[in-house]
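# Breakdown of the fold
Each chain, written out:
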Amino acid sequence: MKIAVIGQSVFGQEVYKELRKDGHTIVGVFTIPDKDGKADPLATEAEKDGVAVFKFPRWRVKGQAIPEVVAQYKATGAELNVLPFCSQFIPMEVIDHPKHGSIIYHPSLLPRHRGASAINWTLIHGDKKGGFTVFWADDGLDTGPILLQRECDVEPNDTVNTIYKRFLFPEGVKGTVEAVRLIAQGKAPRITQPQEGATYECIQKKDNAKIDWNQSAEALHNWIRGNDKVPGAWSEVDGQKVTFYGSTLVDNGTTANGQPLEIPGASRPGIVTKAGLVLFGNDDKALLVKNLQFEDGKMITAAQYFRSGGSAAVELTEEEKTFAEQMRAVWQSILTNVSQIEDLTDFFKSGAASMDVVRLVEEVKLRASSCQLQNEDVYMNTTFQDFIQMCVRKLRGEDDEEELVVDYVEKDINNMTIKIPHQLFINGEFVDANGGKTYKSINPNDGTAICDVSLAQISDVDKAVAAAKEAFEEGEWGRMNPRDRGRLIYKLADLMEQHQEELATIESIDSGAVYTLALKTHVGMSIQTFRYFAGWCDKIQGSTIPINQARPNRNLTFTKKEPIGVCAIVIPWNYPLMMLAWKTAACLAAGNTVVLKPAQVTPLTALKFAELAARAGLPKGVVNILPGSGALVGQRLSDHPDVRKLGFTGSTEIGKHIMKSCAVSNVKKVSLELGGKSPLIIFSDCDMDKAVRMGMSSVFFNKGENCIAAGRLFVEDSIHDQFVKRVIEEVKKMKIGDPLDRSTDHGPQNHKAHLDKLVEYCQTGVKEGATLVCGGKQVQRPGFFFEPTVFTDVQDHMFIAKEESFGPVMILSKFKSGEVDDVLRRANTTEYGLASGVFTRDISKALYVSEKLNAGTVFVNTYNKTDVASPFGGFKQSGFGKDLGQEALNEYLKTKAVTIEY
């Protein structure tokens, strides 16, 4: 279509670019005149493409369209007007002229919040849902028929800026382009806006953004964030106008320690604390404001309000003077209306706007990549000399925030550059092991070394435990309210999601997991786990209990769920990141601190996790990661007197040893997820296609390195041969190869020692008389590859019928038709009880079998179906305690009973 784009801003620019990509012809761009000699981004983009650009100061005079302006517009021959963001009044002669009319983007869910400050009012009113509307323009104010709407959740601490960046901008661009696509296809609806729920609010400007303090804390918070950053909610403080930014609701404001600040009209004085300015509503509840801005444009962190002056000016080196002159030239290029940039030139008083802040931050990055500025840094250092002093302090590493130092191993692989930490992580820092000891982490795809990893020693364990203990007993983490703890864990999950491709790539090269599986399961379920338990943080609660009264007095008894303290977690190598997440997420949600030992052969995603935890803001000492040997690090954690809980996933043999050590040392609380030999019973009345597909998955999923893998399949004799034939056909289709190849089905085993055990396991099966139908050997290629293997005619007394392979080995046995109880007896004749499964169309049989199977998990007509909300753990020598679900929290909590007599 021939389209006229009428509007402005970066949003308009992005819509313009996407419409061109979609193949539409932009016949004209109509935007605002240049400001201070600078063109609007939309105009700049269009001029670059040679598209006609019109910069009319106005379209109407005294309510009447200007004929010359309308004529120039009509000459473009537009078939549709698109108004992505437009601050001008466009006459109806223009709106109605094109063949398809005009569409407008509006950042609210119409008919709610009509008017120019829709985003502000969405937040001011505390709406739980926000979004945008693309509607057909008419002669009313945002009243035209709806073409398209998209909604999003409004987070409790969203500002105009955050909701715009997270959803309204990126999804708004997509939505506007989608609306044009629907028009071009003749599928665009015209839905009359309902009258019910319609609202119109005034434009938010500085003069009407003054704070009314006679409101609840939540209403004050909504007012401040609804005006953040434009126009800015303000109040008189100490005789001057102060604007408030960065508001969050807090639960513990009434106990805040700091210096009081009188605020006229407020129900009580604010408190300037290390975290910021605590303010109070008329309901005595609290909110926290992070930043303040004064009338001269100077912005400070609220915690600095009472600090006199500032730091002494630093004297610049010659190199720093060169940088300062480069930045002076940048300021000059932005502030074109200023003849000369002096030390006291104020960025904002000289005409700079928010887009200029973004440009300035990026210009600094180009000239000094180590100086990573935030927009707030510019707002807080508005004069040139303050700006240069701030930049130089950051370049010298003297800024207030302590930077996380990571000695990365970088690799260009899988179409990306991955950055891998390789040192121990103790008390918020990456450090070498005592004595500088290291070992090599091996890529199972080809047997080559990925990098050297620090090898923790006993003294390192002691340091990590001491850091975790201090963080729990003395640090911020132990005092933090549960909701704030949840926010940090949510942030951690968000960072993991932002780095999910990198995490999956590291997981793949370190453990041999097929990349697509690593992305979906190893990493994907890890992210889901942290999000799930983040939601539990403020829902951990006790109960009140009626007891016999001490007459004539009375009693009240209640219970409290409290964190245990320092927890040790020891995880296996089959799902390195997911096993970390299953235990650590619940541990942190409960309020504990953790010292975690990853498997020695797969430490790298745990170390990357440590980096992300630090960047998410988890306080020092809360998470500590110690790659090392089980005999040294695992044993010391089991023995350590300051560790109060140990969670372990691994072999039954090691689990027994850990349990003994934990008992002897200080009677630690223990949870164990140990070995398995999970039975899968397939009846003749099953859905054969599904049974074959899921039977394959039950054994070969993740190369068989799966704690709940079906260790033995019992197949009813009448379908046994057909089932085996179908399985062999599917095995032959499996592609063995590089785990980073998207078409690979079966990657390498985790490490060489495990590969050797699988070879020996299969040789034992053959010697005992089982029939090796296929596989059983190492694949002749570099790396630790093992053929998918199928054994039939396996008798109950055989080694392979009783012991776990932990690899891609299918063990098949027959059972006679109708002998349900006998096959159940055989299935339960094992010391393990982790998982089990049954395939049948008979619901009564399914329920009976699921009741009789002695395992922590029973799958019916499916397999491997785990979920973050469902408890996971075994019976018998498969261990005790649960990961996942609400029950997992109990593994990391202790119950205290309190009885009061009154």
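It should be noted that the structure appears before, not after, this text.
A few points on the structure. Only a predicted model underlies this, so the values are computations on that prediction, with no experimental measurement involved.

Conventions used here
- Residues numbered from 1 in each chain as written.
- Predicted model: local features only at pLDDT ≥ 70, side-chain atom pairs only at ≥ 80, totals over all residues.
- Heavy atoms only, no water.
- Helix = DSSP H or I, 4+ residues; strand = E, 2+ residues; numbered from the N terminus.
- Rg over C-alpha atoms; globule rule 2.2 N^0.38 Å.
- Buried < 20%, exposed > 50% of the residue type's maximum accessible area, 1.4 Å probe, protein only.
- Pairing = 2+ DSSP bridges.
- Core = buried A, V, L, I, M, F, W, Y, C linked by side-chain atoms within 4.5 Å.
- Contact = heavy atoms within 4.5 Å.
- Axes fitted to C-alpha atoms, helices over the stretch in contact; angles between N-to-C directions.
- Parallel < 35°, antiparallel > 145°, perpendicular 65-115°, else oblique.
- Nonpolar A, V, L, I, M, F, W, Y, C, P; charged D, E, K, R; others polar.

## Focus: the overall build of the protein chain
- Looking only at helices and strands, the protein chain has 28 helices and 40 strands in total.
- Relative to its length of 902 residues, the protein chain is compact, with a C-alpha radius of gyration of 33 Å against a globular reference of 29 Å.
- Principal-axis analysis of the C-alpha atoms gives the protein chain an extent of 100 × 75 × 70 Å.
- Out of the 902 residues in the protein chain, the part that is buried amounts to 54%.

## Brief notes about the sheet that holds strand S7 (residues 102–106)
- The sheet built from seven strands is open, its strands ordered S3-S2-S1-S6-S7-S8-S9 with mixed pairing. Two strands lie at the open edges of the sheet, namely strand S3 (53–54) and strand S9 (146–153), each paired on one side alone.
- Relative to strand S2 (residues 25–30), strand S1 (residues 2–6) runs parallel, the two sharing five bridges. Bridging from a neighbouring strand, lysine 2 pairs with threonine 25 of S2.

## Topic: the nonpolar core
- Counting residues in each nonpolar core, the largest one holds 108 residues, and the members touching the most others are Phe530, Ile682 and Phe723.
- Aside from chain neighbours lying at most four places away, what touches isoleucine 682 is Ala691, Leu713, Phe714, Val715, Glu716, Ile719, Phe723, Phe815 and Phe839.

## Structural notes on the packing of helix H20 (residues 630–639) against helix H21 (residues 652–666)
- Close contact between H20 and H21 brings their axes to 7 Å; oriented N to C, the two are set at 40°. Considered as vectors, H20 and H21 are oriented oblique to each other. Here Gln635, Ser638 and Asp639 of H20 lie close against H21, whose contacting residues are His657, Ile658, Ser661, Cys662 and Ser665.
- For the contact of H20 with H21, a count of residues per class yields two nonpolar, five polar and one charged.

## Quick word on the pairing of strand S29 (residues 669–673)
- For S29, a buried count of four out of five residues is recorded, marking the element as mostly surrounded by other parts of the structure.
- Summarising the sheet, strand S28 (residues 645–649) and S29 pair through five bridges and their orientation is parallel. Paired with leucine 646 across the two strands is valine 670, which belongs to S29.
- In the sheet, S29 pairs with strand S39 (residues 879–880) via two bridges, with the strands oriented antiparallel. Bridged to leucine 672 within S39 is phenylalanine 880.

## Some remarks on the pairing of strand S15 (residues 286–293)
- Burial runs high along S15: seven of the eight residues are buried.
- Taken together, the seven bridges between strand S11 (residues 240–250) and S15 define a ladder with antiparallel strand orientation. Bridging from a neighbouring strand, threonine 248 pairs with leucine 288 of S15.
- Taking the residues between adjacent antiparallel strands as the criterion, strand S14 (residues 277–280) and S15 are bridged by five residues, where aspartate 284 takes a positive phi near 70°.
- One ladder, built from three bridges, connects S15 with strand S16 (residues 299–301); its direction is antiparallel. For asparagine 291, the partnering residue across the bridge sits in S16 and is threonine 301.

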